[in-house]
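Structural characterization, general
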Amino acid sequence: MTHSFSLIDAPWLSLLPRKGRQAELRSLRHALLDAHLVGDVMVELETQKPALFRQVLLPVVLDALGRPRDEREWLDWFREGKWTHDQRGRLDEYLDAHSALFDLFHPEQPFAQVADLRTAKKETKPVGLIVATVPTGNNVPLFASRTEGDDFSLSPAQAAHWLLHTQCWDTAAIKTGAVGDARAKDGKTTGNPTGPLGQRGVTLPIGTTLFETLMLNLPVGPPPGPTDLPQWRRRGAGRARSVDGAEWQERHPEGLLDLWTWQSRRVRLHPAVTGQGVRVTRVVVAAGDRMQDTRGLDPHTMWRLGPASGQPDEQKEGVEAPPRRPVRLQAGIAPWRGLNVLLAADPPTTRKQTMRFATSKVLDQLARLAPRMDNAYPLRLELCGLVYGNQSAVIEDVVFDVLALPLASLDVDSDVRVAVLEVADQAEQIANAVNHLSADLRRALGAEPIPWDRGFRPGDVLVHDLDPLVRRFLAGMRSVGRREQIEAGQLAWEQMAWHRSWHVADRMLRSMPATAFVGRKMSPGEGKPERTYRTSLAEASFIKRRSEILHREQACRQADVRRARRA
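What comes next is a walk through the structure. (Residues numbered from 1 in each chain as written. Predicted model: local features only at pLDDT ≥ 70, side-chain atom pairs only at ≥ 80, totals over all residues. Heavy atoms only, no water.)

1. Re the overall build of the protein chain
The following threshold applies: Elements are defined by DSSP. Helices are runs of H or I of four residues or more, strands are runs of E of two residues or more, and each kind is numbered from the N terminus. For the radius of gyration, the atom set is restricted to C-alpha positions; the globular benchmark scales as 2.2 Å times the number of residues to the power 0.38. Throughout, a contact is declared for two residues whenever any of their heavy atoms are within 4.5 Å. In short, Shrake-Rupley with a 1.4 Å probe defines the accessible areas, and a residue's cover is counted only from the protein chains shown. The positive count covers Lys and Arg only, the negative count covers Asp and Glu only, and His and the chain ends enter neither. For the purpose of locating charges, the reference atoms are NZ of Lys, CZ of Arg, CG of Asp and CD of Glu.
Secondary structure summary: the protein chain contains 15 helices and 18 strands in total. Its C-alpha atoms give the protein chain a radius of gyration of 27 Å, near enough to 24 Å, the size a compact globule of 567 residues would have. The principal-axis extent of the C-alpha atoms belonging to the protein chain is close to 90 × 60 × 55 Å. Counting contacts in the protein chain only where the partners sit at least 6 residues apart, residues at least 24 apart contribute 71% of the total. Summed over its atoms, the accessible surface of the protein chain is roughly 26800 Å², and 49% of this surface lies on carbon and sulfur atoms. Side-chain charges of the protein chain comprise 77 positive and 69 negative groups, with the mean position of each set lying 4 Å from the other.

Shown next as structure tokens:
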């Protein structure tokens, strides 16, 4: 029996209306043509969202409309607030012209799949193989509510989401060997990397509407070249870089469209009629194209530009540039603790330092646009990634966070940028001061400090307490304009950080036994002179460090003391 499910006209995207609280399942056509009426795209798992944008939403817009030539044209599009009548018509025509290529169950060209993909024994696997939250083989999520033996199926809408997720985030290692794959041996293909996003992580700017989100993630530049095509236009006999067969390639992406719609796996969904209607119950997942290098194309990746082997990073004639390595999110580390990376637009090229960073292209573009945009614009950043384990063959954790970022902080010349970087640095410094206090108190007891790379240190407790304060400060910086307002916000932050840090420090001091007041003599490290450690000295050192870090609050307290003395 032949089934059909059009991603263009069938409801499969969960869209939250701009003025509403209840998400509705709508079609791709509705999502794009009426993007200004949609507040956000809702997903089951956070990592599905960048997959939807990169595999479908953004490529359709780019292929149908091209992209703004420069920042001035980008601003004209953005300020319009919605697609113009002409742009809307071109999007509609594009969807009509390619409707057959967006059928999830098309018998010859199923969307993002290979129609005749099969194994030599015509075996299939449970569809849970493409669902990151379902146990399959060695990939057993810690808090999964199902077992591998449970019957499991997906609606066509759910299958579309997980299919795109697989192309972006699938685990590495062994994949099923498909008929037609010349490099398959003994029914399997080895050496497969994770999906392209699994190797990098994603920074996705989010606007107040879907239209604005699309624009915020659309880099300016020339139109796509003749060989830069989305995967649905690479199908058919004779097409370059064809993706409708079991054969796969190891190559560079041709451009943004190729990069965004990269087919890292060859997949075939097998639908069946059940008591719930048409459901996807079985699947074949085989090796797909392997990406050699993005050539700096990826607009959602932050990069570490540190010199190789610790060598100076000045670029000399005839010397190869230092390698780019993607910056990935770390589980348990709030993104504001990496603001120096997020805001690293136009990194210096001549300064001597051990490590440099480059922010994502979309944030770099926003940095250039920020002076011409409304500083109060409620920009949000959604950062997500997966943590893999056991040779990247299993998924261990999902890393996701949302950060309210003041648009002015992207402007290299703004006072807001200086303020948010200072606050993030102060939070780290005061946490380190608490850790130093803990180390001194442990030495006063004759114990060794907690190693920096092991255990749970008191500074981590303080960072947890400071997290909502930093986020509140970042959100508050959206609405400030004058230097006095920024200073007032920083003082308010320091006042709260002052009390929170003492709350953590005081608990440690109160827990010290009497022997710690007498103290001990010991060396803080090999080759360092012996010194005395006791509770009073540790407390005094912490108070001094805190006063230096939170200098505005310290100055206010000193002024209060002087006024009290004069009175």
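2. Details of the layout of surface pockets
The line we're drawing: In this analysis, the protein atoms alone were mapped onto a 1 Å grid. Cavities are point sets where a 1.4 Å probe fits without being able to get out; pockets are open sets with protein on both sides within 12 Å along at least five of seven lines; lining residues have an atom within 4 Å of a point. Grid points are joined across faces, edges and corners, and a volume is the space filled by probe spheres set on the points. We call Asp, Glu, Lys and Arg charged. Ala, Val, Leu, Ile, Met, Phe, Trp, Tyr, Cys and Pro are nonpolar, and the rest, Gly among them, are polar.
Taken as a whole, the second largest pocket spans an internal volume of roughly 460 Å³. The wall of the second largest pocket is formed by 17 residues, among which Gln-330, Ile-333, Arg-337, Gly-338 and Val-341 lie closest to the centre. Element by element, the count of residues in the lining of the second largest pocket is highest for helix α8 (residues 339–342), at 3 residues. Grouping the amino acids of the lining of the second largest pocket by side-chain chemistry returns 10 nonpolar, 3 polar and 4 charged.

3. Examining the sheet that holds strand β15 (residues 380–389)
We count it as follows: Being paired, for any two strands, means DSSP has found at least two bridges between them. Where helices are involved, their axes are fitted lines through C-alpha atoms of the stretch in contact, as for all axes, and angles between N-to-C directions lie from 0 to 180°.
Spatial ordering of the open sheet is given by β7-β15-β16, a layout of 3 strands whose pairing is antiparallel. The sheet terminates laterally at β7 (202–206) and β16 (394–404), the two strands that pair on one side only. Going across the sheet, the axis of each strand differs from the next one's by a mean of 20 degrees, ignoring polarity. In the sheet, β15 pairs with β16 via 10 bridges, with the strands oriented antiparallel. Each bridged residue has a counterpart across the sheet, and for Leu-386 the counterpart in β16 is Val-398. Against the sheet, helix α5 (residues 156–169) makes contact with β7 and β15, and its axis sits at roughly 70 degrees relative to β15, the strand it touches most. Strand contacts of helix α9 (residues 361–369): β7 and β15, with the helix running at about 40 degrees to β7, the strand carrying the most contacts.

4. Observations regarding α9
Under the convention used in this document: To sort residues, take the accessible area from a 1.4 Å probe on protein chains only and compare it with the maximum for the residue type: under 20% means buried, over 50% means exposed, and anything in between is partly exposed.
Among the 9 residues that make up α9, 7 are buried, leaving the element largely enclosed by the rest of the structure. Within the span of α9, buried status applies to Val-362, Leu-363, Asp-364, Gln-365, Leu-366, Ala-367 and Leu-369. Tucked inside the fold, the buried residues of α9 contact α3 (71–80), β7, α6 (210–216), α8 and β15.

5. Remarks on the packing of helix α2 (residues 48–65) against helix α4 (residues 85–97)
Worth spelling out the cut-off: Any angle that is under 35 degrees is reported as roughly parallel, and any over 145 degrees as roughly antiparallel; angles of 65 to 115 degrees are reported as roughly perpendicular and all others as oblique.
Orientation of α2 relative to α4, taken along the N-to-C sense of each, is 110 degrees, at an axis distance of 9 Å. Judged by the inter-axis angle, α2 sits roughly perpendicular to α4. Contacts between α2 and α4 pair Val-60, Val-61, Asp-63, Ala-64 and Leu-65 from the former with Gln-87, Arg-90, Leu-91, Tyr-94 and Leu-95 from the latter. When the residues that make up the contact of α2 with α4 are grouped by side-chain class, the tally is 7 nonpolar, 1 polar and 2 charged.

6. Describing helix α12 (residues 483–510)
Quick reminder: α-helices carry 3.6 residues per turn. Residues three or four places apart thus point the same way. We count it as follows: For a helix, the expected span equals 1.5 Å multiplied by the number of residues minus one.
Taking 1.5 Å per residue, 28 residues should reach 40 Å; α12 reaches 40 Å between its end C-alpha atoms and fits that length. For α12, the set of buried residues is Ile-486, Gly-489, Gln-490, Trp-493, Glu-494, Ala-497, Trp-498, Ser-501, Val-504, Ala-505, Met-508 and Leu-509.

7. Thoughts on the packing of aromatic side chains
The condition is simple: Only the six-membered ring of Trp is used, alongside the rings of Phe and Tyr, when aromatic pairs are assigned; centres must lie within 6.5 Å, and planes under 30 degrees apart are stacked while those over 60 apart are edge-to-face, with the rest tilted. Remark: a charge is flagged as sitting over a ring if the NZ atom of Lys or the CZ atom of Arg is within 6 Å of the ring centre and within 35 degrees of the ring normal.
Counting across every chain of the model gives 7 aromatic pairs. Relative to Phe-211, the ring of Trp-83 lies with its centre 4.8 Å away and its plane at 80 degrees, an arrangement referred to as edge-to-face. Here the residue Trp-83 occupies a position in the loop between α3 and α4, and Phe-211 occupies one in helix α6, the gap between them amounting to 128 residues. On the basis of relative accessibility, which here comes to 6%, the residue Trp-83 falls in the buried class. Overall, the relative accessible area of 1% leaves Phe-211 in the buried class. Among the aromatic residues, those joined into a ring-pair cluster are Trp-74, Phe-78 and Tyr-377. Taking NZ or CZ as reference, Arg-183 lies 3.7 Å from the ring centre of Trp-248, over its face.

8. Some thoughts on the environment of Pro-271
On the secondary structure map, Pro-271 appears in strand β9 (residues 265–274). For the pair Pro-271 and Val-131, spaced 140 residues apart in the sequence, the C-alpha separation amounts to 16 Å. Those residues in contact with Pro-271 that sit more than four places away from it in its chain are His-3, Phe-105, Val-278, Arg-279 and Val-280.

9. Quick notes on the pairing of strand β1 (residues 13–17)
In the sheet, β1 pairs with strand β2 (residues 24–26) via 3 bridges, with the strands oriented antiparallel. Of the residues in β2, the one forming a bridge with Leu-13 is Arg-26. Connecting the antiparallel pair β1 and β2 is a turn made up of 6 residues. One ladder, built from 4 bridges, connects β1 with strand β3 (residues 38–42); its direction is antiparallel. Bridged to Ser-14 within β3 is Met-42.

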